[in-house]
Each structure stands twice: as C-alpha cells, then as structure tokens.
There are 2 protein chains.
Amino acid sequence: MSERVLPRAERRRRTEGRILDAAKALFAEVGYERATIRAVAKSAEVDPALVMQYFGNKQELFRAAVRATPAPEAAATPEELVEHLLGTLDVKMGELPQGSLAMMRSMLTHPEAGTAAREALARQVDRLAASIPGEDARLRAALMTTILLGVTVGHQLLELPELRDALPERIARLLRPSLRALTGPDVS
Amino acid sequence: MSERVLPRAERRRRTEGRILDAAKALFAEVGYERATIRAVAKSAEVDPALVMQYFGNKQELFRAAVRATPAPEAAATPEELVEHLLGTLDVKMGELPQGSLAMMRSMLTHPEAGTAAREALARQVDRLAASIPGEDARLRAALMTTILLGVTVGHQLLELPELRDALPERIARLLRPSLRALTGPDVS
DNA sequence: CATCTCGCTCAACACCCGTTGACTCAACGA
DNA sequence: TCGTTGAGTCAACGGGTGTTGAGCGAGATG
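Caption draft 1: Region of interest: the overall build of chain A. When helices and strands are tallied, chain A shows 10 helices and zero strands. Walking chain A from its N terminus toward its C terminus, one meets helices and strands in the order α-α-α-α-α-α-α-α-α-α. Counting the 188 residues in chain A, one finds 41% classified as buried. Across chain A, the fraction of contacts at a sequence separation of at least 24, relative to all contacts at a separation of at least 6, is 65%.

Spelled out as structure tokens, the structure:
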C-alpha cells in the first residue's frame, strides 16, 4: 500500500538492503556453511539468482555482511582503558551489530572469518598494549582481549543462562577487577 | 612388514581406531561441516562406506569423536579452585585432547556441538559455584568459565601469536589474579 | 578341503548447493 | 509512442555430499 511504484534506483537500493540484512541475520544465526544463498533469498523474498547478481559470490556476500564494524576510539590511561573495554562490553550486551556476530559465529570454522577475527583482535591488542606499561604488555593485552572474547562468545553465541539473565552492568562490575588485574604490575 | 596377517578382531579394532583418530583430527581442524566422510576415509586409508558401516552416521561419528572428555575432579576451597582451573589450562596449553578441540571448533556452528559445549560449561559452572560463597556465585562461576573459554579459544583455535608464543606457566601466572578476583567478595 | 563369516570395496543413488544464461516485463528517455 | 534499459525470475547445470546395497576375497570354522 505504501510502496507504490517506486523509482528504479530507490527500488534497487531497498531490495539490496533487504538481501544484505537477511544475509547478516542468517550468517549471524547459523554461520557461513549453513546459511545458504537460497535461504537468504527466501528470507529477503527474492530469487536466489538476484543475490548472485548483486553480490557476485557467496564469499563476497559474506564479506559485505561482515564489513563495516564500528571503529572504536583508543584509550589513554590504563584506568580509562578498562572502562572503555567494559563500555564495549555494554554495547555488546545490548545489541552487538549483526555483522560482528556473523563474523564471530563463523570465526572457528570459516577460514576467511578466522583471519578477519584474528585481525580485529590484533588491532584491539595493539591498542591495548600501547596503554599498558611493562615488559609483557602485549601478552597482558592479548589476555584482556581474549577474556572479553570469551565472555562475549558465552553470552551472545552460546547464550549461557547465567550471563543471559544477568544485567550488563552487573557483569561489567564483576569483570572490572579481573581486567584491572592485568593492567598493573605482576602482584601474584 | 610388521603387520603381517593379523587376526580378524584385532584388524577390525585397529582400522576402527584409525578412522576415529582421523575423524577427531579432521573435526578438530576444520569443524563439522568441512570435515567430509570422504576426507576422513582417505586420511584413514579406507573406503568411505566403511566409515558408515562402523559408525552409522556422520552425526554419530562426530559424537564418537567428541565423546570421552576426561572427567576432572572437583575442588574444595576457592584457593584450590583457581589452581585447579589453571591446571586445566596448563593441560590445555600442552596437548588438549583432540576430542575436546573438535567439540570447541564446531560449538558455534553445529547445533549438537553447541548443546554439548553448553552442557560441559554448565557442569563446570556447577562445580565452581559450589565452592564460591555469596549471592551471585553462579554468575561469578560462569564468568570464570567463560574467561578460561576465551583464553583457550584464542590460544588453541584462533592461535593468536601473543598466546602462542608465551609459556603456559606465564599465562597461568598472569591469569591467576584475574580469576581470584572473581572468587572473593565484590571489592570494586 | 569345503563352507561360512565378515572386513572391505565399488559403483551408484538422491539430494542440496552455488552458480549461470536466457527470458519477462515494467520503468525510463527521446 | 516506441525502443532501450535494467530489476527480477525461471529453469537448469555441474559438482560435491551423505548414504546404500551388491559383491569380492581372505580369514575363521568344521
């Protein structure tokens, strides 16, 4: 009723958007292998051939669905660092972008998603390590990154009930000392 | 030369073992979907049909490959708890059993592996929560579990260089305060 | 030695996937 | 108004997958 005879350019933009959204959702939900072109097309109410015509490849469709993760700003002091990380966690708890979920869902089984995840994590490690003093800054940064990765995986992808039912602020509050323990000098 | 005319029963046992080992390795390396029956068979130098004859299903082959994860003993005090967890981590760093790797590799994309992982993590959470005082014992236990999960994933599956190149004891030493922070009362 | 048993292979089936080329038909521009 | 363009569909191909049933041939059994 509302979408009556749209101009061609606009119409194309919209269906391409519908396809991309459907792809993001499906990739995020079941991963690369199980997300078939046919299923994406059906979800977008479109012929499978049109998906190919717009994105060329399943690989490139996946690339387009995963691309454009938000670029977070860097943190200065280790104190801000932890808060910034937990802020990221908060965002993740609410509604982590579907593209990121799609990448994480497939990072263990799809080669390209794996390298994409490694690169994203490496960037995070770089950013963190610059703010951590000491010899083993990179190792500490990597541990902080993997800690957040594990919590996110357990929460968003595996949907562990304990994390699912907890308030994000509570998780952040419990996690803060654990992360802070990795910023300072070794006290063990 | 050494394996000359073996008895039938022994011969069967050996080839079945070869198939299962090949399946564990392949599942652990590329995950459920990409590990084809044909590839398992070729790796075990056997006809694909024989794999079906021995294990019936790809699903059941996977189940057999994942089954029999070692049953760790419980810990008593929170102090022992952390050490026990880090001991687990040490084992993982050395040579985590291929069956566990196979389960972890597919836990985000294969439904049954997902529920298996959830159950294994739930058992760990139960064990941990019993040793932690306070109201939010289960949430703390879940966080400790997911922390270890993240580090293991980053190390064994994603193979992040910082973790790959670090000595297991060093990782354990850096991780100890972070885990201990979750056993005690809230100090944030 | 004759028969049976069973580990193992071969060839094929049915299915689903990604991908393609020809086609339809409504929006566009002169 | 009439070709032209391009969004969208249809039907099909080639390839890889899990799975199956018939069959072979060497070890067990009497």
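Alright, that's what it looks like, and here's the rest.
Caption draft 2: Looking closely at the interface of chain A and chain B. Facing the 41 residues of chain A at the interface are 41 residues of chain B. Those elements giving two or more residues to the side of chain A that touches chain B turn out to be α1 (8-34), α6 (98-106), α7 (111-129), α8 (137-157), α9 (161-164) and α10 (168-183) of chain A. Ranked by the residues each element gives to the side of chain A that touches chain B, the list is headed by α8(A), at 13 residues. For the side of chain A that touches chain B, the per-class residue count stands at 23 nonpolar, nine polar and nine charged.

Caption draft 3: Looking closely at unusual backbone geometry. The phi torsion at A:E45 lies on the positive side, around 55°, for a residue other than glycine. Structurally, the position occupied by A:E45 is in the loop between α2 (37-43) and α3 (48-55). By C-beta crowding, A:E45 is classed as exposed, having 10 other C-beta atoms within 10 Å. A positive phi angle is found at B:E159, which is not glycine, with a value near 55°.

Caption draft 4: Molecular detail of the protein's contact with DNA strand D. As a matter of local geometry, DNA strand D sits amid 20 residues, with A:D47, A:A49, B:P7, B:T36 and B:A49 nearest to it. No other element matches α1(A), which puts four residues into the surface near DNA strand D.

Caption draft 5: Molecular detail of the relation of the copies chain A and chain B. For the pair chain A and chain B, the superposition axis carries a translation of 0.0 Å, the fit reaches an RMSD of 0.1 Å, and the rotation angle comes to 180°. Here the two chains are linked by the operation of a two-fold rotation axis. The fraction of interface residues of chain A whose copies in chain B are also interface residues reaches 100%, indicating that both copies meet through the same surface.

Caption draft 6: Highlighting the protein's contact with DNA strand C. With respect to spatial proximity, 20 residues lie near DNA strand C, and among them A:P7, A:T36, A:A49, B:D47 and B:A49 are the closest. When residues of the surface near DNA strand C are traced back to their parent elements, those giving at least two are α2 and α3 of chain A together with α1 (8-34) and α3 (48-55) of chain B. Per-element accounting of the surface near DNA strand C gives the leading share, four residues, to α1(B). Its residues assigned to classes, the surface near DNA strand C comprises nine nonpolar, four polar and seven charged.

Caption draft 7: Expanded view of α8(A). Residue and element names in this part refer to chain A. With 21 residues, α8 should reach 30 Å at 1.5 Å per residue; the first-to-last C-alpha distance of 29 Å fits that figure. Burial of α8 is extensive: 19 of the 21 residues sit out of reach of the surface. Backbone geometry just downstream of α8 places E159 in the positive-phi region, at approximately 55°.

Caption draft 8: Representation of the packing of helix α8 (residues 137-157) of chain B against helix α10 (residues 168-183) of chain B within the structure. Residues and elements named next belong to chain B. Between α8 and α10, the least distance of the axes is 9 Å, while the angle of their chain directions is 160°. Classified by the angle between their axes, α8 and α10 sit roughly antiparallel to one another. Seen along the crossing, α8 lies across α10 with a hand that is right-handed. Each of R140, L143, M144, I147 and V151 in α8 lies in contact with α10, whose residues at this interface are L175, S178, L179 and L182.

Caption draft 9: The arrangement of the environment of A:K58 in detail. Relative to the helices and strands, A:K58 resides in helix α4 (residues 58-66). With 33 residues separating them in the primary sequence, A:K58 and A:A25 have C-alpha atoms 15 Å apart.

Rules used in this analysis
Residue positions are given per chain, counting from 1 as you read along its sequence in written order. Each chain gets a letter, beginning with A, and each ligand a number, beginning with 1, in the order they are written. Predicted model: local features are reported for residues with pLDDT of at least 70 only, side-chain atom pairs are reported and counted for 80 or more only, and whole-chain, interface and lining totals are derived from all residues. Strands here mean DSSP runs of E at least two residues long; helices mean DSSP runs of H or I at least four residues long; both are numbered from the N terminus. Exposed residues have 12 or fewer other C-beta atoms within 10 Å of their own C-beta, buried residues have 20 or more, and residues in between are partly exposed; the C-beta atoms are placed from the backbone. A pair of residues counts as a contact when their C-beta atoms, built from backbone coordinates, are within 7 Å of each other. In the scheme used here, Gly and all other residues not listed as nonpolar or charged are polar, with Ala, Val, Leu, Ile, Met, Phe, Trp, Tyr, Cys and Pro taken as nonpolar and Asp, Glu, Lys and Arg as charged. A molecule or strand has a residue near it when that residue's C-beta atom, placed from backbone coordinates, lies within 6 Å of it. For this overlay, a least-squares fit was computed on C-alpha atoms, restricted to residues scoring pLDDT of at least 70 in both copies. Multiplying 1.5 Å by the residue count of a helix minus one yields the expected span of that helix. Only the stretch in contact is used when a helix axis is fitted, and all axes are lines through C-alpha atoms; the angle between N-to-C directions ranges over 0 to 180 degrees. Any angle between 65 and 115 degrees counts as roughly perpendicular, while under 35 counts as roughly parallel, over 145 as roughly antiparallel, and the rest as oblique. Helix crossings fall into two classes, left-handed where the near helix is turned counterclockwise from the far one by less than a right angle and right-handed where it is turned clockwise.

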